[in-house]
Protein chains: 2
Amino acid sequence: MATVAARNGIDVGALVETIEAIKGKPELAEFTFRASTRWHEGTRSTAEIGSFLHAGAEDETRERAYTLVGDEPPVLLGRNAGPNAVELLLAALGFCYSVGYVANAAARGIEIEEMSYELEGDVDLRNFLGISDEVRPGFSEIRAKASIRARGASEQELKDLCAYVQETSPVRDVLANPTPVETTIEVLEH
Amino acid sequence: MATVAARNGIDVGALVETIEAIKGKPELAEFTFRASTRWHEGTRSTAEIGSFLHAGAEDETRERAYTLVGDEPPVLLGRNAGPNAVELLLAALGFCYSVGYVANAAARGIEIEEMSYELEGDVDLRNFLGISDEVRPGFSEIRAKASIRARGASEQELKDLCAYVQETSPVRDVLANPTPVETTIEVLEH
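Residues numbered from 1 in each chain as written. Chains lettered and ligands numbered in written order. Predicted model: local features only at pLDDT ≥ 70, side-chain atom pairs only at ≥ 80, totals over all residues. Heavy atoms only, no water.

Student: I'd like to hear about helix H2 (residues 85-107) of chain A, residue by residue, with values.
Tutor: All names here are of chain A. Its 23 residues give H2 an end-to-end C-alpha distance of 33 Å, which sits within 8% of 33 Å, the value for a rise of 1.5 Å per residue. In terms of burial, H2 is largely enclosed, as 22 of its 23 residues are buried. At the N-terminal boundary of H2, the capping side chain belongs to Asn-84, with an oxygen 3.2 Å from the backbone nitrogen of Val-86. Positive phi shows up at Gly-109, right after H2, with a value of about 80 degrees. (Helix = DSSP H or I, 4+ residues; strand = E, 2+ residues; numbered from the N terminus. Expected span 1.5 Å × (residues − 1). Buried < 20%, exposed > 50% of the residue type's maximum accessible area, 1.4 Å probe, protein only. Polar contact = N/O pair within 3.5 Å; in protein donor to acceptor, adjacent residues only side chain to side chain.)

Written out as structure tokens, the structure reads:
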């Protein structure tokens, strides 16, 4: 195939090489990602996201860890120092869809000119607040709406790509389908 | 009961009032949270998190929207401008657990001195990369480890609270259990 340096800012040659390398050595597709959070006061914590494991080896390309602040609004007893956990989760879904769409578009020869996602989720916090377990703790429904302007594909092709990205999205998968979450606690001594 | 201005930075009086208000008017527990993302180049997008709906009305307490940057590391064709989507999701789980733990601890008279979470998740990206649908797109397992130092409770009580928080956590719920995700696309005209 003709080499394309980059499309949509995606190095298509590197994408093809990555896929071929994984076909030959499937463990190159294995990642363990990490985050850590530290509580400060009230509903406010910070998170750090640093290195990760790729095929069993530490990826050291990040010069420093990313830091995020999480908090709640006053109506949920916080001080608005940052977004809350479920809002972050919606942002994560938008980021995930964007990466999937742009990379697959690059591979299919589609040039993205503009792409945004609007995400929302409905939640009844009575379970979280210990008032009722007749509602679930988390979102009853999440809605994601893509707005995309692109060249090199018909409207139907862009819609088909949206459906494909949805089916292969890591974040959408763990929301739509059950994922084992193992939670443990170490009680620290005085 | 005796009034406690704040414990762990949580206004316990306000917490009790919130719960009582919701018992009388359940729609006060209904929220619609939102995020929006905008693609920039390659795997890089930014997210904005602003106001939200509470009991059908816009909450306007945030002076401005929070902005996040999402990107991928070079091994996933990005430039490390920010954490990726599944890492954000792990941070969200830690934030969610922290809020649940600190608020319930405050209500139970437990004083938190130190609390952190370490989170990790394993993913095989062959599905995401279109190589194999024999693996799921998202995390095969997520692990969360709390480290907590607290006064006013036994080790067993702190462990029991961890289990309770896990059961009532909105983020853990949407990971562990299926959540409807409705995805639509608007193709923008030239």
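On we go from here.
Student: Any details on unusual backbone geometry? Residues and values, ideally.
Tutor: All names here are of chain B. A positive phi angle, close to 60 degrees, is found at Asn-8, a residue other than glycine. Its location among the elements puts Asn-8 in the segment before helix H1 (12-24). Phi is positive for Ala-55, which is not a glycine, with a value near 50 degrees. On the secondary structure map, Ala-55 appears in the loop between strand S3 (52-54) and strand S4 (57-59).

Student: Talk me through the confidence of the model for chain A; I want residue IDs and the actual numbers.
Tutor: Across chain A, the average pLDDT comes to 96, with 98% of residues at 70 or higher. Two summary scores accompany this predicted model of the complex, namely pTM at 0.97 and ipTM at 0.97. (pLDDT = per-residue confidence, 0-100.)

Student: Residue-level account of the packing of H2(A) against helix H3 (residues 155-168) of chain A, with values.
Tutor: Residue and element names in this part refer to chain A. At their nearest, the axes of H2 and H3 sit 9 Å apart, and the two run at 125 degrees to each other. By the criterion of interaxial angle, the relationship of H2 to H3 is oblique. The two elements H2 and H3 meet at a crossing, and its hand is right-handed. Between H2, through Tyr-97, Gly-100, Tyr-101, Asn-104 and Ala-105, and H3, the contact on the second element is made entirely by Leu-158, Leu-161, Cys-162, Tyr-164, Val-165 and Gln-166. Classifying every residue of the contact of H2 with H3 by side-chain character gives 8 nonpolar, 3 polar and no charged. (Axes fitted to C-alpha atoms, helices over the stretch in contact; angles between N-to-C directions. Parallel < 35°, antiparallel > 145°, perpendicular 65-115°, else oblique. Left-handed = near helix turned anticlockwise from the far one by under 90°. Contact = heavy atoms within 4.5 Å. Nonpolar A, V, L, I, M, F, W, Y, C, P; charged D, E, K, R; others polar.)

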